[in-house]
Each structure stands twice: as structure tokens, then as C-alpha cells.
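An overview of the molecular structure
Now for the letters of each chain:
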Amino acid sequence: RQWVECSGCGLAVNVYDEKQKNLLDKLATAYYEVDFKNSSIAEKYAKVMALPPEKSDNAQRVLRIHDFINNWMKLLNSKDVVNFNVLDIGAGTGVFLARFLENASNYKWKAIAVESDPLACKHLKSLNLFDVIEGEFPGNFHLGNFDLCTLNKIVEHISDPVHFLKEIKSVLNPERGILYIEVPDKLTINYRPPEDNILGALHYHLYDPKSLAYLLDKAGFIPIQIMRFFEPSGKISVASFA
């Protein structure tokens, strides 16, 4: 593959021909079969959930989001609102959403997970912690308005991220809805060995703070906070609340 960087926005685009694109789509369809060939999704879920908070990327992510939401609701003076709903797109193993609900304190949350992979969906439903919708977003299902939508390491897998984020706008509460988006930082290229798949072959685009801000703006969002950080796992990531 070849990465080409846009001089204007800093976005790194994965350049491929039609044959390579078809292979990429085929690999994406079989992602969980490949990624969990030596274990089950349930085993991975249990292993990650058992990590102490200081060693868990998801635990730190949950703290980051809850802290922001608490401050956001204070800013909006939403004292009378205690019930909120969260939509997690590309829920995967369900670790994030499980920890998010487990650590909710100030508000009551109803959670919906959207996941396209049948194996992952079967696992998510077995947790009995939140509603699960099997399919690709936006799909043909009616979701309603959400106070929070989370995209954790999802957008780099989307070939047309501007259109994708515009669709998300339609399911966010127009008065207080927040999007949390987190992606691998392209800065990682300089600090990881070539065989490291942290910037995997299934990534259509790579981002940094500048290009993530550009993407959000093109999709009609207002970035409130953009950050770059090291995760407990050693990954370098970029995230934004918008």
C-alpha cells in the first residue's frame, strides 16, 4: 500500500486499486474470524475487563468521556435531566460500553450498540447489558436522538468519512448531542516497527489532530476539544469531542 498525505489538511490517504480494494473489503468482512482465530471474543472481553484501570485503554477512555459529559451538562445547566442515551457504533467486544455503564454515576444511561459482524453481535447480546443492533450504520433502522455517540477506532475504517459523520448528525440530540471520535494517530508511523499492525491494513485513512479537525468541520460538526495522547497500551491516539 501507499500513503499519500494531503498538504492542506494533513490527512493520510491509503492509495489502492480496485483489486486491492476488493481484498480490503473481503478482509474486513472476516475481521473477527482472523483476529480471534486462537481465542474467542468472550475470552478477549474477559481478559480486557480484568485489566486494572491504569493499564486499560478502555477504562481511561470511559473516564475521559464521563468527565467531559459531566462538565458539558453543567455548562448547559441540565440539572433536571438525569436520563441519557448513548449510541456506540462498531461496539466490537463490548468492553467500552460495559465499562461506560459500570462507571456511570451522575446520570442514568440507556445504551445501544451497533455492530455489523455476526460473531461480535452474538457475543454482545450474550452480555445482556445493553440493546444490540446487528447491521451497518446508518442502515434502515430508526434510532432516534442520542445525547452521546461514540466512535472508538472506527472512522479510519470508513472510506467516505465525511458522509458517514453527516449521517451521525441525524441521530444526535440537536440541543446537547455530543460526538466522541477516537482514531489512531498517524504519528505512530514514526515510532512503531514496520511489522506492527497498529496502523492496520484495513485502515482507509490516517489522522492527526489537524486532519481530524478538518474532517469534523467538513461534516458540519463543531470541535470542542481535540487531544493527542499515549494510551496505557502504548498506542498514540487522537480524539475529539464535537
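In case you missed it, the structure is sitting above this.
Next up on the list: the nonpolar core. One finds Ile65, Ile69, Phe100, Trp109, Phe130 and Leu148 to be the most contacted residues of the largest nonpolar core, which totals 32 residues. In terms of residues, this core owes the most to one element, helix H4 (residues 57–76), which gives six residues. Those residues in contact with isoleucine 69, other than ones at most four positions away along the chain, are Tyr107, Trp109, Leu148 and Ile178.

The geometry of helix H7 (residues 161–169) relative to helix H8 (residues 209–218) is characterised by a closest axis approach of 8 Å and an angle of 55° between their N-to-C directions. Relative to H8, the element H7 is oriented oblique. The crossing of H7 and H8 is right-handed. Across the interface between the two elements, Pro161, Val162, Leu165 and Lys166 of H7 pack against Leu215, Leu216 and Lys218 of H8. For the contact of H7 with H8, a count of residues per class yields five nonpolar, no polar and two charged.

Packing of H4 against helix H5 (residues 95–102) leaves a shortest axis separation of 9 Å and a crossing angle of 50°. As far as their axial angle goes, H5 and H4 are oblique. Remark: the crossing between H4 and H5 carries right-handed chirality. Residues Asn58, Ala59, Arg61, Val62, Ile65 and His66 of H4 touch H5, and the partners they reach there are Val95, Phe96, Arg99 and Phe100.

On to the pattern of salt bridges. For the structure on display, the rule yields eight salt bridges. A salt bridge links arginine 61 to glutamate 182, with the shortest nitrogen-to-oxygen separation between them at 2.7 Å. Of the two residues, arginine 61 is situated in helix H4 and glutamate 182 in strand E7 (residues 178–184); the sequence distance between them amounts to 121 residues. Of the two residues, arginine 61 and glutamate 182, neither departs from the other in class, the shared state being buried.

Rules used throughout
Residues numbered from 1 in each chain as written. Predicted model: local features only at pLDDT ≥ 70, side-chain atom pairs only at ≥ 80, totals over all residues. Heavy atoms only, no water. Core = buried A, V, L, I, M, F, W, Y, C linked by side-chain atoms within 4.5 Å. Buried < 20%, exposed > 50% of the residue type's maximum accessible area, 1.4 Å probe, protein only. Helix = DSSP H or I, 4+ residues; strand = E, 2+ residues; numbered from the N terminus. Contact = heavy atoms within 4.5 Å. Axes fitted to C-alpha atoms, helices over the stretch in contact; angles between N-to-C directions. Parallel < 35°, antiparallel > 145°, perpendicular 65-115°, else oblique. Left-handed = near helix turned anticlockwise from the far one by under 90°. Nonpolar A, V, L, I, M, F, W, Y, C, P; charged D, E, K, R; others polar. Salt bridge = Lys/Arg side-chain N within 4 Å of Asp/Glu carboxyl O.

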